[in-house]
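# Geometric and topological summary
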Amino acid sequence: MAGNEEPLRPSPLALEWVERLIAFDTTSRVSNLALIEFVAKFLRDENWHVSLTWNHDGRKANLFATLPALNGTLQGGLVLSGHTDVVPVDGQDWTTDPFAPQVRNDRLYGRGACDMKGFLGVAISLAPRWAKLGLPHPVHLALSFDEEVGCLGAPILIEDLARRGVKPDYCIVGEPTNMQPVIAHKGIRILRCSVRGRPSHSSRPHDGVNAIEYASRILNHLTEIARTAKEEGPFDEGFDPPYTSLVVSEISGGTAPNVVAEHCVFTFEYRALPSEDPLRIEREVRRFIHEVINPAMQHGSPELGAKLEVVADVPGFDAGANNSQILKRVTDLTTGNHCKVSYGTEAGQFQATGIQTIVCGPGSIEQAHRADEWVALTDLAYCEEFLVKIAETAVLARRPMAPSRKPSGKA
(Lines give C-alpha, C1' and ligand atoms only; values in the text may rest on other atoms or scores of the structure.)
Protein backbone atom coordinates (compact mmCIF):
# COMPACT_ATOMS: atom_id res chain seq x y z
CA MET A 1 0.00 0.00 0.00
CA ALA A 2 1.50 3.33 -1.08
CA GLY A 3 2.01 6.20 1.36
CA ASN A 4 -0.65 6.71 4.00
CA GLU A 5 -3.52 5.54 1.85
CA GLU A 6 -6.26 4.09 4.03
CA PRO A 7 -7.06 0.42 3.42
CA LEU A 8 -10.30 -0.26 1.64
CA ARG A 9 -13.23 -1.46 3.69
CA PRO A 10 -16.51 -2.90 2.42
CA SER A 11 -19.64 -0.82 2.77
CA PRO A 12 -21.65 -1.49 5.95
CA LEU A 13 -24.40 -3.05 3.83
CA ALA A 14 -22.00 -5.44 2.09
CA LEU A 15 -20.49 -6.57 5.39
CA GLU A 16 -23.95 -6.93 6.92
CA TRP A 17 -25.07 -9.20 4.08
CA VAL A 18 -22.01 -11.43 4.32
CA GLU A 19 -22.61 -11.80 8.04
CA ARG A 20 -26.29 -12.61 7.46
CA LEU A 21 -25.40 -15.42 5.07
CA ILE A 22 -22.76 -16.89 7.39
CA ALA A 23 -25.35 -17.04 10.19
CA PHE A 24 -27.35 -19.61 8.20
CA ASP A 25 -26.02 -23.13 8.77
CA THR A 26 -26.04 -24.44 5.20
CA THR A 27 -23.71 -27.38 5.65
CA SER A 28 -24.24 -29.65 2.63
CA ARG A 29 -25.95 -32.36 4.70
CA VAL A 30 -28.75 -29.98 5.81
CA SER A 31 -31.34 -27.86 4.01
CA ASN A 32 -30.46 -24.44 2.59
CA LEU A 33 -34.09 -23.34 2.23
CA ALA A 34 -34.02 -20.79 5.08
CA LEU A 35 -31.22 -18.87 3.37
CA ILE A 36 -32.77 -19.18 -0.08
CA GLU A 37 -36.18 -17.97 1.07
CA PHE A 38 -34.62 -15.03 2.94
CA VAL A 39 -32.66 -13.91 -0.12
CA ALA A 40 -35.62 -14.51 -2.45
CA LYS A 41 -37.89 -12.21 -0.42
CA PHE A 42 -35.27 -9.48 -0.33
CA LEU A 43 -34.70 -9.60 -4.09
CA ARG A 44 -38.40 -9.68 -4.91
CA ASP A 45 -38.88 -6.62 -2.73
CA GLU A 46 -36.20 -4.93 -4.83
CA ASN A 47 -38.11 -5.79 -8.06
CA TRP A 48 -35.87 -8.63 -9.19
CA HIS A 49 -37.46 -11.58 -10.97
CA VAL A 50 -36.81 -14.68 -8.84
CA SER A 51 -37.18 -18.36 -9.70
CA LEU A 52 -36.32 -21.43 -7.64
CA THR A 53 -35.45 -25.01 -8.57
CA TRP A 54 -35.30 -27.86 -6.08
CA ASN A 55 -33.52 -31.13 -5.49
CA HIS A 56 -35.39 -34.44 -5.63
CA ASP A 57 -36.88 -34.24 -2.13
CA GLY A 58 -37.50 -30.48 -2.03
CA ARG A 59 -35.15 -29.91 0.93
CA LYS A 60 -32.71 -27.80 -1.05
CA ALA A 61 -33.14 -25.15 -3.69
CA ASN A 62 -31.25 -23.08 -6.23
CA LEU A 63 -32.14 -19.44 -6.73
CA PHE A 64 -31.85 -17.58 -10.02
CA ALA A 65 -32.75 -13.89 -9.93
CA THR A 66 -32.74 -11.35 -12.75
CA LEU A 67 -32.82 -7.57 -12.75
CA PRO A 68 -34.22 -6.79 -16.21
CA ALA A 69 -32.53 -4.26 -18.45
CA LEU A 70 -34.11 -0.84 -18.88
CA ASN A 71 -35.91 -2.08 -21.98
CA GLY A 72 -37.34 -5.00 -20.01
CA THR A 73 -35.28 -7.77 -21.58
CA LEU A 74 -34.16 -10.74 -19.51
CA GLN A 75 -31.77 -12.01 -22.16
CA GLY A 76 -28.01 -11.63 -22.15
CA GLY A 77 -26.24 -9.85 -19.36
CA LEU A 78 -23.97 -10.99 -16.56
CA VAL A 79 -24.47 -13.82 -14.03
CA LEU A 80 -22.82 -13.58 -10.62
CA SER A 81 -22.75 -17.14 -9.38
CA GLY A 82 -21.96 -18.88 -6.11
CA HIS A 83 -22.90 -21.86 -3.98
CA THR A 84 -24.77 -21.58 -0.71
CA ASP A 85 -23.55 -24.81 0.92
CA VAL A 86 -20.52 -25.04 3.17
CA VAL A 87 -18.39 -27.91 4.43
CA PRO A 88 -18.90 -29.37 7.93
CA VAL A 89 -17.20 -28.02 11.04
CA ASP A 90 -17.17 -31.43 12.76
CA GLY A 91 -13.88 -32.20 14.47
CA GLN A 92 -12.40 -28.78 13.75
CA ASP A 93 -10.95 -26.67 16.55
CA TRP A 94 -12.85 -23.40 16.15
CA THR A 95 -12.14 -20.62 18.66
CA THR A 96 -15.55 -19.03 18.01
CA ASP A 97 -19.00 -20.18 16.92
CA PRO A 98 -18.56 -20.85 13.18
CA PHE A 99 -22.08 -19.60 12.43
CA ALA A 100 -21.79 -16.44 14.54
CA PRO A 101 -19.59 -14.19 12.34
CA GLN A 102 -17.04 -11.99 14.06
CA VAL A 103 -14.71 -9.25 12.84
CA ARG A 104 -11.25 -9.34 14.43
CA ASN A 105 -8.03 -7.74 13.24
CA ASP A 106 -9.54 -6.66 9.89
CA ARG A 107 -10.77 -10.18 9.15
CA LEU A 108 -14.27 -11.61 9.10
CA TYR A 109 -14.41 -15.07 10.67
CA GLY A 110 -17.08 -17.71 10.12
CA ARG A 111 -17.86 -20.82 8.14
CA GLY A 112 -18.28 -19.77 4.54
CA ALA A 113 -16.72 -16.32 5.02
CA CYS A 114 -14.19 -17.25 2.37
CA ASP A 115 -15.90 -20.12 0.54
CA MET A 116 -18.04 -18.45 -0.63
CA LYS A 117 -20.56 -16.33 1.22
CA GLY A 118 -18.20 -13.38 1.03
CA PHE A 119 -18.77 -13.05 -2.70
CA LEU A 120 -22.47 -13.80 -2.49
CA GLY A 121 -23.09 -11.33 0.32
CA VAL A 122 -21.33 -8.53 -1.53
CA ALA A 123 -23.25 -9.29 -4.75
CA ILE A 124 -26.64 -9.41 -3.00
CA SER A 125 -25.92 -6.15 -1.17
CA LEU A 126 -25.61 -4.39 -4.54
CA ALA A 127 -29.08 -5.49 -5.70
CA PRO A 128 -30.87 -2.31 -4.47
CA ARG A 129 -28.22 -0.06 -6.04
CA TRP A 130 -28.58 -1.70 -9.44
CA ALA A 131 -32.38 -1.71 -9.24
CA LYS A 132 -32.37 2.06 -8.60
CA LEU A 133 -29.80 2.86 -11.27
CA GLY A 134 -31.43 0.91 -14.05
CA LEU A 135 -28.91 -0.79 -16.33
CA PRO A 136 -28.91 -1.20 -20.12
CA HIS A 137 -28.38 -4.93 -19.64
CA PRO A 138 -29.69 -7.60 -17.25
CA VAL A 139 -27.80 -8.67 -14.16
CA HIS A 140 -28.46 -12.14 -12.76
CA LEU A 141 -27.70 -13.77 -9.42
CA ALA A 142 -27.30 -17.56 -9.26
CA LEU A 143 -27.21 -19.31 -5.86
CA SER A 144 -26.80 -23.08 -5.98
CA PHE A 145 -26.88 -26.00 -3.56
CA ASP A 146 -24.51 -28.95 -3.02
CA GLU A 147 -21.45 -27.60 -4.82
CA GLU A 148 -19.24 -28.97 -2.06
CA VAL A 149 -20.42 -32.55 -2.67
CA GLY A 150 -20.02 -32.62 -6.43
CA CYS A 151 -21.61 -29.50 -8.01
CA LEU A 152 -25.03 -31.19 -7.90
CA GLY A 153 -27.30 -28.13 -7.83
CA ALA A 154 -25.94 -26.03 -10.70
CA PRO A 155 -26.95 -28.47 -13.49
CA ILE A 156 -30.57 -28.30 -12.30
CA LEU A 157 -30.43 -24.50 -12.34
CA ILE A 158 -28.80 -24.42 -15.78
CA GLU A 159 -31.30 -26.90 -17.23
CA ASP A 160 -34.12 -24.69 -15.98
CA LEU A 161 -32.60 -21.67 -17.73
CA ALA A 162 -32.45 -23.60 -20.98
CA ARG A 163 -36.05 -24.75 -20.56
CA ARG A 164 -37.17 -21.16 -20.03
CA GLY A 165 -35.01 -19.83 -22.87
CA VAL A 166 -32.89 -17.61 -20.62
CA LYS A 167 -29.37 -17.18 -22.03
CA PRO A 168 -26.90 -14.88 -20.22
CA ASP A 169 -23.79 -13.77 -22.06
CA TYR A 170 -21.27 -13.88 -19.24
CA CYS A 171 -20.73 -15.48 -15.85
CA ILE A 172 -18.40 -14.78 -12.94
CA VAL A 173 -18.13 -17.64 -10.44
CA GLY A 174 -16.96 -15.99 -7.22
CA GLU A 175 -14.87 -18.74 -5.65
CA PRO A 176 -11.98 -17.51 -3.45
CA THR A 177 -9.11 -16.55 -5.76
CA ASN A 178 -7.69 -13.45 -4.02
CA MET A 179 -9.47 -11.51 -6.77
CA GLN A 180 -7.09 -13.09 -9.27
CA PRO A 181 -8.67 -14.47 -12.46
CA VAL A 182 -8.65 -18.26 -12.61
CA ILE A 183 -8.58 -19.21 -16.27
CA ALA A 184 -8.67 -23.00 -15.93
CA HIS A 185 -9.30 -25.80 -13.48
CA LYS A 186 -9.21 -29.57 -13.60
CA GLY A 187 -12.27 -31.73 -14.02
CA ILE A 188 -13.24 -33.99 -11.13
CA ARG A 189 -14.82 -37.41 -11.45
CA ILE A 190 -15.69 -39.35 -8.27
CA LEU A 191 -16.52 -43.05 -8.55
CA ARG A 192 -17.57 -45.75 -6.10
CA CYS A 193 -16.50 -49.33 -6.73
CA SER A 194 -18.61 -52.08 -5.12
CA VAL A 195 -17.20 -55.60 -5.10
CA ARG A 196 -19.46 -58.54 -4.27
CA GLY A 197 -17.92 -61.89 -3.37
CA ARG A 198 -19.09 -65.09 -1.69
CA PRO A 199 -18.67 -65.52 2.08
CA SER A 200 -17.27 -68.65 3.66
CA HIS A 201 -15.60 -69.70 6.88
CA SER A 202 -12.01 -68.48 6.87
CA SER A 203 -10.84 -72.07 7.49
CA ARG A 204 -12.22 -72.91 4.05
CA PRO A 205 -11.27 -69.92 1.88
CA HIS A 206 -11.58 -72.03 -1.26
CA ASP A 207 -15.37 -72.18 -0.68
CA GLY A 208 -15.65 -68.38 -0.91
CA VAL A 209 -14.75 -65.53 -3.21
CA ASN A 210 -12.94 -62.83 -1.26
CA ALA A 211 -14.27 -59.39 -2.19
CA ILE A 212 -11.38 -57.65 -0.44
CA GLU A 213 -8.82 -59.64 -2.41
CA TYR A 214 -10.33 -58.64 -5.73
CA ALA A 215 -10.84 -55.06 -4.60
CA SER A 216 -7.12 -54.95 -3.83
CA ARG A 217 -6.36 -55.95 -7.41
CA ILE A 218 -8.43 -53.02 -8.67
CA LEU A 219 -6.70 -50.74 -6.17
CA ASN A 220 -3.31 -51.89 -7.44
CA HIS A 221 -4.46 -51.09 -10.97
CA LEU A 222 -5.50 -47.60 -9.85
CA THR A 223 -2.08 -47.12 -8.24
CA GLU A 224 -0.44 -47.98 -11.54
CA ILE A 225 -2.67 -45.55 -13.44
CA ALA A 226 -1.76 -42.80 -10.97
CA ARG A 227 1.96 -43.60 -11.20
CA THR A 228 1.89 -43.50 -15.00
CA ALA A 229 0.14 -40.14 -15.04
CA LYS A 230 2.62 -38.70 -12.55
CA GLU A 231 5.69 -39.96 -14.41
CA GLU A 232 4.60 -39.81 -18.05
CA GLY A 233 2.00 -37.05 -18.15
CA PRO A 234 0.63 -35.29 -20.08
CA PHE A 235 1.75 -32.26 -18.13
CA ASP A 236 0.59 -28.67 -17.75
CA GLU A 237 2.94 -26.68 -15.52
CA GLY A 238 0.20 -24.13 -14.82
CA PHE A 239 -1.37 -26.64 -12.42
CA ASP A 240 -0.16 -27.99 -9.09
CA PRO A 241 0.33 -30.89 -9.49
CA PRO A 242 0.93 -30.50 -13.24
CA TYR A 243 -0.61 -33.87 -14.15
CA THR A 244 -3.89 -35.73 -13.74
CA SER A 245 -4.06 -36.99 -10.15
CA LEU A 246 -5.90 -40.01 -8.72
CA VAL A 247 -6.68 -40.64 -5.05
CA VAL A 248 -8.48 -43.49 -3.24
CA SER A 249 -10.31 -41.76 -0.39
CA GLU A 250 -12.64 -44.27 1.34
CA ILE A 251 -12.76 -48.04 1.80
CA SER A 252 -14.76 -50.54 3.84
CA GLY A 253 -15.31 -54.28 3.71
CA GLY A 254 -15.63 -57.55 5.51
CA THR A 255 -17.68 -58.54 8.55
CA ALA A 256 -15.43 -60.55 10.90
CA PRO A 257 -11.85 -61.89 11.13
CA ASN A 258 -13.01 -65.48 10.51
CA VAL A 259 -15.28 -64.77 7.51
CA VAL A 260 -14.14 -64.49 3.90
CA ALA A 261 -15.32 -61.04 2.90
CA GLU A 262 -18.55 -60.89 0.93
CA HIS A 263 -18.43 -57.13 0.26
CA CYS A 264 -15.87 -54.41 -0.23
CA VAL A 265 -16.60 -50.83 -1.27
CA PHE A 266 -14.15 -48.04 -1.99
CA THR A 267 -14.34 -44.56 -3.45
CA PHE A 268 -11.78 -42.84 -5.61
CA GLU A 269 -11.53 -39.61 -7.52
CA TYR A 270 -9.38 -38.36 -10.33
CA ARG A 271 -8.75 -34.77 -11.37
CA ALA A 272 -8.04 -34.55 -15.07
CA LEU A 273 -6.32 -31.73 -16.90
CA PRO A 274 -8.92 -29.85 -18.96
CA SER A 275 -7.00 -30.80 -22.12
CA GLU A 276 -7.49 -34.52 -21.38
CA ASP A 277 -10.42 -36.78 -22.15
CA PRO A 278 -12.27 -36.75 -18.80
CA LEU A 279 -13.56 -40.31 -19.30
CA ARG A 280 -10.25 -41.95 -20.24
CA ILE A 281 -9.41 -43.24 -16.75
CA GLU A 282 -12.95 -44.40 -16.05
CA ARG A 283 -13.01 -46.35 -19.31
CA GLU A 284 -9.70 -48.02 -18.42
CA VAL A 285 -10.95 -49.06 -14.98
CA ARG A 286 -14.20 -50.41 -16.46
CA ARG A 287 -12.21 -52.36 -19.05
CA PHE A 288 -10.01 -53.89 -16.32
CA ILE A 289 -13.05 -54.91 -14.28
CA HIS A 290 -14.85 -56.35 -17.31
CA GLU A 291 -11.88 -58.21 -18.78
CA VAL A 292 -9.87 -59.23 -15.71
CA ILE A 293 -11.75 -59.00 -12.41
CA ASN A 294 -15.26 -60.21 -13.17
CA PRO A 295 -14.23 -63.27 -15.23
CA ALA A 296 -11.93 -64.33 -12.37
CA MET A 297 -14.68 -63.91 -9.76
CA GLN A 298 -17.78 -65.25 -11.43
CA HIS A 299 -17.20 -68.78 -12.76
CA GLY A 300 -20.88 -69.31 -13.45
CA SER A 301 -22.07 -66.93 -10.73
CA PRO A 302 -22.94 -63.69 -12.61
CA GLU A 303 -24.14 -62.01 -9.41
CA LEU A 304 -20.51 -61.83 -8.23
CA GLY A 305 -18.07 -59.18 -9.39
CA ALA A 306 -17.29 -55.49 -9.29
CA LYS A 307 -19.21 -52.52 -10.59
CA LEU A 308 -18.56 -48.79 -10.82
CA GLU A 309 -20.99 -46.01 -9.92
CA VAL A 310 -20.40 -42.35 -10.78
CA VAL A 311 -20.85 -40.29 -7.59
CA ALA A 312 -20.01 -36.85 -8.99
CA ASP A 313 -18.85 -35.32 -12.24
CA VAL A 314 -17.46 -31.78 -12.27
CA PRO A 315 -16.39 -30.76 -15.77
CA GLY A 316 -13.06 -29.08 -16.31
CA PHE A 317 -12.84 -25.43 -17.23
CA ASP A 318 -10.63 -23.50 -19.63
CA ALA A 319 -11.44 -19.84 -20.27
CA GLY A 320 -8.87 -19.67 -23.02
CA ALA A 321 -10.85 -22.14 -25.07
CA ASN A 322 -13.29 -19.48 -26.34
CA ASN A 323 -11.09 -16.33 -26.36
CA SER A 324 -13.31 -14.98 -23.65
CA GLN A 325 -14.30 -11.31 -23.57
CA ILE A 326 -15.15 -11.71 -19.90
CA LEU A 327 -11.55 -12.78 -19.25
CA LYS A 328 -10.23 -9.57 -20.77
CA ARG A 329 -12.61 -7.41 -18.73
CA VAL A 330 -11.89 -9.18 -15.45
CA THR A 331 -8.16 -9.00 -16.12
CA ASP A 332 -8.37 -5.25 -16.70
CA LEU A 333 -10.09 -4.73 -13.35
CA THR A 334 -7.99 -7.04 -11.17
CA THR A 335 -4.36 -8.02 -10.75
CA GLY A 336 -3.99 -9.06 -14.36
CA ASN A 337 -2.22 -12.25 -13.24
CA HIS A 338 -3.94 -15.41 -14.49
CA CYS A 339 -3.68 -18.74 -12.73
CA LYS A 340 -4.87 -22.32 -13.02
CA VAL A 341 -6.10 -24.39 -10.07
CA SER A 342 -6.69 -28.03 -9.25
CA TYR A 343 -9.89 -27.55 -7.28
CA GLY A 344 -13.24 -27.68 -9.07
CA THR A 345 -16.00 -25.10 -9.48
CA GLU A 346 -19.29 -24.70 -11.32
CA ALA A 347 -17.54 -22.70 -14.06
CA GLY A 348 -17.30 -25.62 -16.47
CA GLN A 349 -21.03 -26.26 -16.18
CA PHE A 350 -21.87 -22.68 -17.18
CA GLN A 351 -19.22 -22.64 -19.90
CA ALA A 352 -20.62 -25.84 -21.43
CA THR A 353 -23.82 -23.95 -22.31
CA GLY A 354 -21.93 -21.31 -24.27
CA ILE A 355 -21.79 -18.69 -21.49
CA GLN A 356 -18.40 -16.95 -21.34
CA THR A 357 -17.21 -17.69 -17.82
CA ILE A 358 -14.40 -16.78 -15.44
CA VAL A 359 -13.64 -17.61 -11.79
CA CYS A 360 -12.76 -14.66 -9.55
CA GLY A 361 -13.68 -13.85 -5.97
CA PRO A 362 -12.48 -12.58 -2.59
CA GLY A 363 -10.45 -14.62 -0.12
CA SER A 364 -7.85 -17.34 -0.46
CA ILE A 365 -8.56 -21.03 -1.03
CA GLU A 366 -5.95 -21.65 1.69
CA GLN A 367 -8.45 -20.36 4.24
CA ALA A 368 -11.36 -22.43 2.93
CA HIS A 369 -12.61 -25.56 4.74
CA ARG A 370 -10.45 -24.83 7.81
CA ALA A 371 -11.23 -24.03 11.42
CA ASP A 372 -11.54 -20.28 11.95
CA GLU A 373 -12.17 -19.70 8.25
CA TRP A 374 -11.79 -16.02 7.40
CA VAL A 375 -11.77 -13.42 4.67
CA ALA A 376 -9.92 -10.12 4.82
CA LEU A 377 -12.12 -7.02 4.89
CA THR A 378 -9.93 -5.52 2.18
CA ASP A 379 -10.78 -8.46 -0.09
CA LEU A 380 -14.49 -7.86 0.42
CA ALA A 381 -13.95 -4.19 -0.40
CA TYR A 382 -12.02 -4.99 -3.57
CA CYS A 383 -14.78 -7.39 -4.55
CA GLU A 384 -17.44 -4.72 -4.00
CA GLU A 385 -15.54 -2.18 -6.08
CA PHE A 386 -14.93 -4.78 -8.78
CA LEU A 387 -18.58 -5.84 -9.02
CA VAL A 388 -19.79 -2.25 -9.20
CA LYS A 389 -17.46 -1.48 -12.09
CA ILE A 390 -17.90 -4.69 -14.03
CA ALA A 391 -21.69 -4.75 -13.77
CA GLU A 392 -22.22 -1.06 -14.44
CA THR A 393 -19.60 -0.28 -17.08
CA ALA A 394 -17.13 -2.98 -17.91
CA VAL A 395 -18.60 -6.03 -19.52
CA LEU A 396 -21.98 -5.21 -20.92
CA ALA A 397 -22.05 -1.53 -21.78
CA ARG A 398 -18.61 -1.95 -23.40
CA ARG A 399 -17.58 1.58 -22.52
CA PRO A 400 -14.03 2.48 -21.44
CA MET A 401 -13.38 1.51 -17.84
CA ALA A 402 -12.19 3.81 -15.09
CA PRO A 403 -8.91 2.83 -13.43
CA SER A 404 -9.30 0.55 -10.43
CA ARG A 405 -7.17 -0.01 -7.37
CA LYS A 406 -6.04 -3.58 -7.58
CA PRO A 407 -5.62 -6.07 -4.75
CA SER A 408 -2.16 -7.30 -3.98
CA GLY A 409 -3.29 -10.93 -3.83
CA LYS A 410 -2.26 -11.08 -0.17
CA ALA A 411 -4.83 -11.34 2.60
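Shown above is the structure to which this text applies.
Note that the structure is predicted; figures quoted are calculated from it, not measured.

## Describing the sheet that holds strand β9 (residues 187-196)
- Taken in spatial order, the 4 strands line up as β10-β11-β9-β12 in an open sheet, and their pairing is antiparallel. Looking along the sheet, the strands with just one partner apiece sit at the ends: β10 (245-253) and β12 (305-314). Recorded for the sheet is a direction-independent mean angle of 20 degrees between the axes of neighbouring strands.
- Both β9 and β12 contribute to a ladder of 9 bridges, which runs antiparallel. Across the sheet, C193 pairs through a bridge with L308, a residue of β12.

## Digging into the environment of V259
- With respect to the secondary-structure elements, V259 resides in the loop between β10 and β11 (263-272).
- Taking relative accessible area as the criterion, V259 reaches 30% and is therefore assigned partly exposed.
- Measuring from C-alpha to C-alpha, the distance between V259 and G208 comes to 9.2 Å, with 51 residues separating the pair along the chain.
- The contacts of V259, once residues within four sequence positions are left out, are P199, S200 and S202.

## Comments concerning the nonpolar core
- L43, W130, I172 and L387 are the most contacted members of the largest nonpolar core, which has 79 residues in total.
- In contact with L43, other than residues within four places in its own chain, are W48, V50, L63, A65, A127 and L141.
- Counting residues in hydrophobic clusters, the runner-up holds 27 residues, among them V209, F288, M297 and L304.

## What about unusual backbone geometry?
- With omega at -10 degrees, the peptide bond leading from D115 into M116 counts as cis.
- Along the chain, the position of M116 falls in the loop between β5 (107-109) and α3 (117-125).
- In this structure, the amide linkage connecting G233 to the following residue, P234, adopts the cis form with an omega of 10 degrees.
- Looking at the secondary structure, you find P234 in the loop between α6 (211-232) and β10.
- Notably, D146 is not glycine yet its phi reads approximately 60 degrees, a positive angle.
- Tracing the chain through its elements places D146 in the loop between β6 (139-144) and α5 (154-164).
- We classify D146 as buried; its relative accessible area is 8%.
- Even without being glycine, H299 reaches a positive phi, approximately 45 degrees.
- Tracing the backbone shows H299 in the loop between α7 (280-298) and β12.

## Notes on the pairing of strand β1 (residues 49-54)
- Looking at chain direction, β1 and strand β2 (residues 61-67) are connected through 6 bridges and run antiparallel. Considered in β2, the bridge of T53 is made with N62.
- Where β1 hands over to β2, the hairpin turn is made up of 6 residues, of which G58 adopts a positive phi near 75 degrees.

## Concerning the packing of α6 against α7
- Close contact between α6 and α7 brings their axes to 11 Å; oriented N to C, the two are set at 150 degrees. Here α6 is positioned roughly antiparallel relative to α7, judged by the angle of their axes. In this structure, α6 meets α7 at a crossing whose hand is right-handed. Together, Y214, R217, I218, H221, L222 and I225 of α6 and I281, E284, V285, R287, F288, I289, I293, A296 and M297 of α7 make up the contact between the two elements.
- Its residues placed into classes, the contact of α6 with α7 shows 11 nonpolar, 1 polar and 3 charged.

## Some points on α3
- For α3, a buried count of 9 out of 9 residues is recorded, marking the element as mostly surrounded by other parts of the structure.
- Among all positions of α3, only K117, G118, F119, L120, G121, V122, A123, I124 and S125 are buried.

## A look at the sheet that holds strand β4 (residues 102-104)
- As summarised here, the arrangement of the 3 strands in space is β4-β5-β16, forming an open sheet in which the pairing is antiparallel. In the strand order of this sheet, the two ends are held by β4 and β16 (374-376), each with one partner. This sheet shows a mean twist of 25 degrees between the axes of neighbouring strands, independent of strand direction.
- Sheet analysis places β4 next to β5, joined by 3 bridges and oriented antiparallel. Residue pairing for β5: Q102 is matched across the bridge by Y109.
- Strands in contact with helix α1 (residues 12-23) are β4 and β5; relative to β5, the strand with the most contacts, it is inclined by about 20 degrees.

Analysis parameters
Residues numbered from 1 in each chain as written. Predicted model: local features only at pLDDT ≥ 70, side-chain atom pairs only at ≥ 80, totals over all residues. Heavy atoms only, no water. Pairing = 2+ DSSP bridges. Helix = DSSP H or I, 4+ residues; strand = E, 2+ residues; numbered from the N terminus. Axes fitted to C-alpha atoms, helices over the stretch in contact; angles between N-to-C directions. Buried < 20%, exposed > 50% of the residue type's maximum accessible area, 1.4 Å probe, protein only. Contact = heavy atoms within 4.5 Å. Core = buried A, V, L, I, M, F, W, Y, C linked by side-chain atoms within 4.5 Å. Parallel < 35°, antiparallel > 145°, perpendicular 65-115°, else oblique. Left-handed = near helix turned anticlockwise from the far one by under 90°. Nonpolar A, V, L, I, M, F, W, Y, C, P; charged D, E, K, R; others polar.

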